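One-letter residues, chain by chain:
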Amino acid sequence: MVSLRRLIRANTAKSAVVVGQRLPCAAYVATTLLLLFSLSLVLWPTSKVSNVAPNHLHKVCKVCAGRPLLGIRSFVILVLNMSGVMLALKHCIIPRIIDRHQFEEGFDIDKYYGFAAQVLYHCVLCTCFAATICITSLDDTLYHLATLAEPAYCTIDVLLLLFTGTSFTHWQLKPLLVHHTISCAYCHALMYGIPSSIYGKMLQFVFHFSSAICLGIANALQTPSLKLSVLQRLWMQVLSMMFWAITRVGLVFILGICVLIDAKRIHPAAYKQVVLELNAASIGSFAFVVMKTPIITRALQEAMQEYQQRHSRADIEAGSILSNKLR
């Protein structure tokens, strides 16, 4: 019975590895299908008339006070406040909760604390977007500020890299700029193009929720004080891979199609610009899937090898003990 359970666990992990190996190809296919669908929307215009008011594109949050271009005042306020909060989390608050002395010498503790702060940041935004989805009577201010938070954080990350030489989570300049472009494109399209789209809110929720889960698992696996067993580490890696695949390719593709349909339905006069921005952001998002999936797959393979080696040694020891008893 025990060996059967081990066999099932090993096969489940192997299946997750196969999913990880095929996921980049799935991301390429999803990108192609989204582009073709966007092209069909542009080439074959609909005859439906929109009921949305002409000033729909100028609908902004109260904090923005009607200012255009991504709500400049809100954006600056968010950059200033988030820079203080995120840096305080990374350098002051989280180090008091998670003791740095438990980690081995040479471990990149600053990167670890940066990801821990980012997990909290994603959790807060998940709560905000969940509130805007569930409470339809909620004022638009929360949604607009939560949407602006991502380009504000990316701006902080780029500025830290330029002025200190190290970004918040130790990313390099190229992926940071790509991430910044994606966040700004999504922000402008969803805030000013189709702010009333429920699918746009759900799309942002999926992005932040999947990031919070996968980053949280990655950090938990590196925390010695949790004292995770080999089996727990294996199942956490399997969960991370499957969750990453379902959300970042499956749900993002479905919601991307729905958002593109909403763009044409809600504001046909400006949907071409919105479609262009959404496509740029979607291509970048799937490009991140292509880049990051091999890292998750490699970690899962290492966890599976550790699990198999540990239990093969245990089986050998149990066999030697049994043979000694029989003698």
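Note that the coordinates shown come from a computational prediction; the quantities given were computed from them, not determined experimentally. (Residues numbered from 1 in each chain as written. Predicted model: local features only at pLDDT ≥ 70, side-chain atom pairs only at ≥ 80, totals over all residues. Heavy atoms only, no water.)

A. Expanded view of the UniProt feature "transmembrane region" (unreviewed entry) in the protein chain. Under the UniProt annotation, "transmembrane region" (unreviewed entry) lies at residues 25-44, 75-98, 119-138, 176-195, 202-221 and 241-263. A helix fraction of 96% and a strand fraction of 0% characterise residues 75-98, whose end C-alpha atoms lie 31 Å from each other. Between the C-alpha atoms that bound residues 241-263 the distance is 31 Å, and the span itself is 100% helix and 0% strand. (UniProt positions renumbered as here; feature names shortened; annotations may be inferred. Helix = DSSP H or I, 4+ residues; strand = E, 2+ residues; numbered from the N terminus.)

B. Inspection of a nonpolar patch on the surface at higher detail. A cluster of nonpolar side chains, namely Leu159, Leu162, Phe163, Leu173 and Leu177, defines an oily patch on the protein surface of about 510 Å² accessible area. With three residues, the single largest contributor to the nonpolar patch is helix α4 (residues 140-164). Tracing the backbone through its elements, the reader meets Leu177 in helix α5 (residues 173-193). Residue classification places Leu177 among the partly exposed residues on the basis of a relative accessible area of 41%. (Patch = residues over 30% accessible without salt bridge, like charges linked within 9 Å, V, L, I, M, F, W, Y side chains within 5 Å. Areas by Shrake-Rupley, 256 points an atom, 1.4 Å probe, with all protein chains shown as cover. Salt bridge = Lys/Arg side-chain N within 4 Å of Asp/Glu carboxyl O. Buried < 20%, exposed > 50% of the residue type's maximum accessible area, 1.4 Å probe, protein only.)

C. Just the packing of aromatic side chains, in detail. Under the criterion given, the structure shown has 11 aromatic pairs. Pairing Tyr153 with Phe168 gives two aromatic rings, centres 6.1 Å apart and planes at 85°, and the pair type is edge-to-face. Linking Tyr153 in helix α4 with Phe168 in the loop between α4 and α5, this pair joins segments that are 15 residues apart in sequence. Exposure class is identical for Tyr153 and Phe168. Each is buried. Counting every residue linked through ring pairs, the aromatic cluster contains Phe103, Phe107, Tyr112 and Tyr113. The lysine or arginine in question, Lys90, covers the ring of Phe168, its NZ or CZ lying 5.0 Å from the ring centre. Its end group placed over the ring of Tyr143, Lys201 keeps NZ or CZ at 5.3 Å from the ring centre. (Phe/Tyr/Trp six-rings, centres within 6.5 Å; stacked < 30°, edge-to-face > 60°. Lys NZ or Arg CZ within 6 Å of the ring centre and 35° of its normal.)

D. Representation of the confidence of the model for the protein chain within the structure. Per-chain confidence: the protein chain averages 84 in pLDDT, with 84% of residues scoring 70 or above. Segment residues 49-61: pLDDT under 50, and 27 contacts once partners within four positions in sequence are set aside and those in other chains are kept. Within the model, pLDDT remains below 50 along residues 316-327, and this stretch shows zero contacts once partners closer than five positions in the same chain are excluded. (pLDDT = per-residue confidence, 0-100. Contact = heavy atoms within 4.5 Å.)

E. Seen up close, unusual backbone geometry. Positioned with a positive phi, His170 is a non-glycine residue whose angle comes to about 65°. Position of His170 among the secondary structure elements: in the loop between α4 and α5. For His170, a relative accessible area of 25% corresponds to the partly exposed category.

F. Structural view of the side chain of Ser282. By the secondary structure assignment, Ser282 is in helix α8 (residues 271-326). Residue classification places Ser282 among the buried positions, given a relative accessible area of 11%. For Ser282, the side chain forms a polar contact with the main-chain oxygen of Leu278, separated by 2.8 Å. Setting aside residues up to four positions removed in sequence, Ser282 forms contacts with Leu34 and Tyr186. (Polar contact = N/O pair within 3.5 Å; in protein donor to acceptor, adjacent residues only side chain to side chain.)

G. Focus on the packing of helix α6 (residues 198-221) against helix α7 (residues 230-266). Running from amino to carboxyl end, α6 crosses α7 at an angle of 165°, the nearest separation of the two axes being 9 Å. It follows that α6 is roughly antiparallel to α7 by the angle criterion. α7 is crossed by α6, and the crossing has left-handed handedness. (Axes fitted to C-alpha atoms, helices over the stretch in contact; angles between N-to-C directions. Parallel < 35°, antiparallel > 145°, perpendicular 65-115°, else oblique. Left-handed = near helix turned anticlockwise from the far one by under 90°.)

H. Quick look at the pattern of salt bridges. Summed over all chains, the structure comprises one salt bridge. One salt bridge connects Asp262 with Arg265, and the closest N-O pair in it is separated by 3.0 Å. With a gap of three residues between them, Asp262 and Arg265 both fall in helix α7, about one helical turn apart. The class for Asp262 is buried, based on a relative accessible area of 5%.

I. Layout of the nonpolar core. Grouped together as the largest cluster of nonpolar side chains are 81 residues, with contacts concentrated most on Met82, Tyr186, Ile194 and Leu278. Contributing elements (two or more residues each) for this core: α1 (2-43), α2 (72-97), α3 (109-134), α4, α5, α6, α7 and α8. In this view, Met82 contacts Leu87, Tyr121, Ala149, Ala152, Tyr153 and Ile156; residues no more than four positions away in its chain are not counted. (Core = buried A, V, L, I, M, F, W, Y, C linked by side-chain atoms within 4.5 Å.)

J. Inspection of the side chain of Thr293 at higher detail. Relative to the helices and strands, Thr293 is located in helix α8. Classification of Thr293 as buried rests on a relative accessible area of 0%. If near-sequence neighbours (up to four positions away) are discounted, Thr293 is found in contact with Gly20, Leu23, Pro24, Met241, Trp244 and Phe288.

K. Highlighting the environment of Arg310. With respect to the helices, strands and loops of the structure, Arg310 is situated in helix α8. Relative accessible area serves as the criterion here: at 40%, Arg310 is assigned to the partly exposed category. Measuring from C-alpha to C-alpha, the distance between Arg310 and Val230 comes to 7.9 Å, with 80 residues separating the pair along the chain.

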